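Observations on the model geometry
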Amino acid sequence: MFNKLLYFCNICQILSSRYLLYDVNPPEGFNLRRDVYIRMASLLKTLRKSSEWVLVLPPWGRLYHWQSPDIHQIRIPWAEFFDLDSLNKNIPVIEYEDFLAESGGPFIDQVYVLQGYAEGWKEGTWEEKVDQRPCIDKLMYSEDKNGYYRGWFWGYEETRGLSVTCLSVQGSASIIAPVLLKNTTARSVMLDRAENLLHDHYGGKDYWDTRRSMVYAQHLRIVGDEFRAHLLQSNDEADKTIFQEDWTKVKVLGCLPNFYF
C-alpha cells in the first residue's frame, strides 16, 4: 500500500510540475552557457516560490571551439560534463530526454524569443522591463503545414513548438517571472536567447550556491586526477584539495578546489 501511495504521489508531482527550458545564441561557447545556467537557476528559484517548476537542461551541441570531427557532438546530455546529483541539491533539474518522457511527447507549449528593445537603451535611470514586441530579427523558427514551429531544438528534429512569441527584455533573470506565472498557463516554456537576461545577484550567496553546485562529472574528475598525477606530480592529499561529495558541506578555507570550477 505504501509503495502504491508513493508511486501515485510521484505521478501527481510530475503532472503538476511546469518545465522551464532555455537556449542561447548558437555561437556562444562553454563558459557563457555555464554562466547562463546560473541566471536560469536564479529565475527558477523565484518561480518555485509560487509553484512547482523544474529546469530542463539544454543538450549540448557542436561549439565553435570543439574542433574534433571524429567525436559525436550533438544531443550531448549534461551528465557528460556535470554531476546531476550536485545540481539537484541546488535546484530541481532534468535532462531533455527525461522531459520528453515526463511531458508525454516532443512538444514545447510556449517559446519566448528574448531580444533587446528596438529603440535601444537611452541614457538616464536604469529600468528593468519586459514587453511583448514584434520580432527584431528574422525568427529561427518556421511554421509547418500543421501549425507547429520547427527549429534547432538542440538537434531534436522531432521537437515542435506550439507557439512562438518575441519578448523585449531589459534586466535581471527574474524580471520575466511574472510573465511565466501570470501571462501564460503553458506547462512547458522555453526561453530562447536566454543570455539577454542578466544575473539577479552577481557574486552573492545565491550565485555562489549555484556555481558551487556545478561539480564536474566523476569520469572527468578521474581524467583530471590522472593528468595531475602523471604530469604535475599533484594529488589531493599533497595539495590539500580532498573532494567532498556533497558540495553543501564543504567549508571554504581560502580558494575552492578545482573540481568546483
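Looking up the protein in an unreviewed UniProt entry gives the name GDP-fucose protein O-fucosyltransferase 2, with the organism given as Aquarana catesbeiana. Taken directly from UniProt, the Pathway (unreviewed entry) text for the protein runs: "Protein modification; protein glycosylation." Quoted verbatim from the Sequence similarities (unreviewed entry) field of the UniProt record, the comment on the protein reads "Belongs to the glycosyltransferase 68 family."

Remarks on helix α6 (residues 205-213)
Regarding α6, the residues found buried are Y207, D209, T210, R211, R212 and S213. Of the surrounding secondary structure, the elements contacted by the buried residues of α6 are α2 (30-47) and α3 (84-88).

Here we look at the sheet that holds strand β11 (residues 188-192)
Strands sit in the order β3-β2-β1-β11-β5-β10-β6 across an open sheet of seven strands; the sheet is mixed. The two strands at the open ends of the sheet, each matched to only one other strand, are β3 (93-95) and β6 (129-132). On average, each strand axis in the sheet is inclined to that of its neighbour by 30 degrees, with strand direction left out of account. Where strand β5 (residues 110-115) meets β11, four bridges bridge the pair, whose relative direction is parallel.

Calculation rules
Residues numbered from 1 in each chain as written. Predicted model: local features only at pLDDT ≥ 70, side-chain atom pairs only at ≥ 80, totals over all residues. Heavy atoms only, no water. UniProt positions renumbered as here; feature names shortened; annotations may be inferred. Buried < 20%, exposed > 50% of the residue type's maximum accessible area, 1.4 Å probe, protein only. Helix = DSSP H or I, 4+ residues; strand = E, 2+ residues; numbered from the N terminus. Contact = heavy atoms within 4.5 Å. Pairing = 2+ DSSP bridges. Axes fitted to C-alpha atoms, helices over the stretch in contact; angles between N-to-C directions.

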